[in-house]
Amino acid sequence: MRTESRLFAGVAVFFAVTAAGYWWRSREPAGTAALGIAFLMAALVAFFLHVQYRRAGLRAQDRPDAEIIETAGPLEFFSPHSPWPIVIALGAVLLALGIVFGLWLALLGLGVLGLGVVGMVFQYADRPDPASEPSGPGAGPGQRSNSPSG
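Keep in mind it's a predicted model, so treat the numbers as computed, not measured. Sequence order as written defines residue numbering, which begins from 1 separately in each chain. Thresholds applied to this predicted model are a pLDDT of at least 70 for local features of residues and 80 or more for the giving and counting of side-chain atom pairs; totals over whole chains, interfaces and linings are not thresholded and use all residues. With hydrogens and water set aside, each side-chain value is computed from the structure's full complement of heavy atoms.

### Let's talk about the overall build of the protein chain
Right, so step 1: We count a stretch as a helix when DSSP gives it H or I for four or more residues in a row; a strand needs E for two or more, and each element gets its number in order from the N terminus. Within the protein chain, the secondary structure is distributed over four helices and zero strands.
Right, so step 2: In the protein chain, the order of α-helices and β-strands from amino to carboxyl end is α-α-α-α.
Right, so step 3: Type-normalised accessible area, obtained with a 1.4 Å probe on protein chains alone, sets the label of each residue: buried when under 20%, exposed when over 50%, and partly exposed for intermediate values. Looking at the 150 residues of the protein chain, the share that counts as buried comes to 18%.
Right, so step 4: In the protein chain, 51% of the contacts between residues at least 6 apart in sequence involve partners at least 24 apart.
Right, so step 5: Values of accessible area rely on a 1.4 Å probe in the Shrake-Rupley scheme; residue burial ignores everything except the protein chains shown. If you sum the accessible surface of the protein chain, you get close to 11,200 Å²; carbon and sulfur atoms cover 71% of it. We call two residues contacting when some pair of their heavy atoms lies within 4.5 Å.

### Examining the layout of surface pockets
Right, so step 1: Space inside the second largest pocket adds up to approximately 210 Å³.
Right, so step 2: Residue lining of the second largest pocket: Ser 79, Ser 82, Pro 85, Met 120, Val 121, Gln 123, Tyr 124 and Ala 125, and that is the complete set.
Right, so step 3: Charged means Asp, Glu, Lys or Arg here, nonpolar means Ala, Val, Leu, Ile, Met, Phe, Trp, Tyr, Cys or Pro, and polar covers whatever is left, Gly included. Taken together, the residues of the lining of the second largest pocket break down into five nonpolar, three polar and no charged. We place a 1 Å grid over just the protein atoms. Points where a 1.4 Å probe fits but has no way out form a cavity, open points with protein on both sides within 12 Å along at least 5 of 7 lines form a pocket, and any residue with an atom within 4 Å of a point lines it. Grid points are joined across faces, edges and corners, and a volume is the space filled by probe spheres set on the points.

### Some words on the side chain of Ser 5
Right, so step 1: Relative to the helices and strands, Ser 5 is located in helix α1 (residues 2–26).
Right, so step 2: Since its relative accessible area comes to 9%, Ser 5 is described here as buried.

### As for the packing of helix α3 (residues 84–101) against helix α4 (residues 103–122)
Right, so step 1: For the pair α3 and α4, interaxial distance at closest approach is 7 Å and the crossing angle is 160 degrees. The orientation of α3 with respect to α4, classified from their angle, is roughly antiparallel. Note on packing geometry: the crossing formed by α3 with α4 is left-handed.
Right, so step 2: Considering only residue class, the contact of α3 with α4 consists of 22 nonpolar, five polar and no charged. Axis geometry follows a simple rule: fit a line to the C-alpha atoms, using only the stretch in contact for helices, then measure angles between N-to-C directions, giving values from 0 to 180 degrees. In what follows, roughly perpendicular refers to angles from 65 to 115 degrees, roughly parallel to angles under 35, roughly antiparallel to angles over 145, and oblique to any angle outside these ranges. Each crossing gets its handedness from the near helix: less than a right angle anticlockwise from the far helix is left-handed, clockwise is right-handed.

### Details of the packing of aromatic side chains
Right, so step 1: Between the rings of Phe, Tyr and Trp (Trp by its six-membered ring), a pair exists once the centres lie within 6.5 Å; its type follows the angle of the planes, with under 30 degrees stacked, over 60 edge-to-face, and the other angles tilted. Enumeration over the complete set of coordinates arrives at one aromatic pair.
Right, so step 2: Above the plane of the ring of Trp 23 lies Arg 27, whose end atom (NZ or CZ) is 4.2 Å from the centre. We count a charge as sitting over a ring when the NZ of a lysine or the CZ of an arginine lies within 6 Å of the ring centre and within 35 degrees of the ring normal.

### Digging into the pattern of salt bridges
Right, so step 1: Any carboxyl oxygen of Asp or Glu that lies within 4 Å of a side-chain nitrogen of Lys or Arg is treated as forming a salt bridge with it. A full pass over the atoms with the stated rule returns four salt bridges.
Right, so step 2: A salt bridge links Arg 59 to Asp 62; the nearest nitrogen and oxygen atoms lie 3.8 Å apart.
Right, so step 3: The residue Arg 63 makes a salt bridge to Asp 65 at a minimum N-O spacing of 3.5 Å.
Right, so step 4: The structure contains a network of salt bridges with shared partners spanning Glu 4, Arg 59 and Asp 62.

### Some words on unusual backbone geometry
Right, so step 1: Not every positive phi belongs to a glycine, and Arg 27 is a case in point at roughly 55 degrees.
Right, so step 2: Note that Arg 27 resides in the loop between α1 and α2 (29–56).

### A word on the confidence of the model for the protein chain
Right, so step 1: Every residue gets a pLDDT, meaning the predictor's confidence in that residue, from 0 to 100. Looking at the protein chain as a whole, the pLDDT averages 85, with 85% of positions reaching at least 70.
Right, so step 2: Under a pLDDT of 50 for its full length, residues 142–150 has, in the predicted model, 11 contacts with residues more than four places off or in other chains.

As structure tokens, this is what we get:
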């Protein structure tokens, strides 16, 4: 993820320079704020990817001498079903309507949105790490196996 981190860091620098130049030339706050938010979003993604790179190290995609077979295998766990995206969408709608109709609805929407985000983040927090499970031909029942039948 080193390459992706550098790519987004470059995008963040571009937006920072563009925001500064735009503010200096126009003194217009809306465009400057939009470019500043774009800088912050790109910097956030670059920071996340850099942290992931520091935590996991080089991937096969980051090495020029890597073989294609090194990227084979299961990717990650993907949730088969989750109610939390619907809760997040409902909270976002209530928050947007609250901006129009009143503070009480915005606060309700903020609460539902916060509940949805916390629920989505922690819904699989107690799930065991698949990397720590034993695998291979001698794996016991209920455990993962790399054999074609299991």
